[in-house]
Amino acid sequence: RTRSGKGTIGPRIAWAFAREREVIDDLLRDPLLAQLGCINVDRMRAAVNEQNRESRDVTMLMIALSLETWLRVRSGRWTARQHLRKAK
């Protein structure tokens with residue numbers, strides 16, 4: 001209640017972004033959201049690379065990445081099998 005701020009990005013989220021960096025980079029190579037005019041891919045890449053993220057920015061970034069993943073699955077451009085092959 002008396003804190004002046006709410007802190008920074010949680011360590012677990014930072015770990016997830018680092019661990020899944022290859023997948024995130026793959027999602028941002030030719031994103032469907034950019035093709036549809038929904039995002040600016042350069043700004044999205046810059047947001048992924050930022051170290052000091054505000055919680056609202058991280059939330060929006062995660063929403064966009066989730067939507068991109070969903071679009072790729074629905075369009076047949078991404079499968080769990082593809083991701084599992086890369087992880088090995």
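The preceding data block contains the structure.
Residues numbered from 1 in each chain as written. Predicted model: local features only at pLDDT ≥ 70, side-chain atom pairs only at ≥ 80, totals over all residues. Heavy atoms only, no water.

Caption draft 1: Seen up close, the overall build of the protein. Scanning the protein from N- to C-terminus turns up six helices and zero strands. Taken from the N to the C terminus, the helices and strands of the protein come in the order α-α-α-α-α-α. When each of the 88 residues of the protein is scored for burial, the buried share is 25%. In the protein, the proportion of contacts linking residues at least 24 apart, taken out of those at least 6 apart, comes to 67%. (Helix = DSSP H or I, 4+ residues; strand = E, 2+ residues; numbered from the N terminus. Buried < 20%, exposed > 50% of the residue type's maximum accessible area, 1.4 Å probe, protein only. Contact = heavy atoms within 4.5 Å.)

Caption draft 2: Here's a closer look at the environment of Phe17. Among the secondary structure elements, Phe17 is positioned in helix H1 (residues 11–19). Of the residues examined, Phe17 reaches a relative accessible area of 9% and is grouped as buried. In this structure the C-alpha to C-alpha distance between Phe17 and Asn49, which are 32 residues apart in sequence, comes to 9.5 Å.

Caption draft 3: Quick peek at the nonpolar core. In terms of nonpolar packing, the biggest core is built from 11 residues, these being Phe17, Val23, Ile24, Leu27, Leu28, Met44, Val48, Val58, Leu61, Ala64 and Leu65. For this core, the secondary-structure elements that each account for two or more residues are helix H2 (21–27), helix H4 (41–49) and helix H5 (55–75). No other element matches the four residues that H5 contributes to this core. (Core = buried A, V, L, I, M, F, W, Y, C linked by side-chain atoms within 4.5 Å.)

Caption draft 4: Seen up close, the environment of Asn40. Tracing the backbone through its elements, the reader meets Asn40 in the loop between helix H3 (32–35) and H4. Of the polar contacts made by the side chain of Asn40, one reaches the backbone nitrogen of Asp42; its length is 2.9 Å. Of the polar contacts made by the side chain of Asn40, one reaches the backbone nitrogen of Arg43; its length is 3.0 Å. (Polar contact = N/O pair within 3.5 Å; in protein donor to acceptor, adjacent residues only side chain to side chain.)

Structural measurements only, silent on function.
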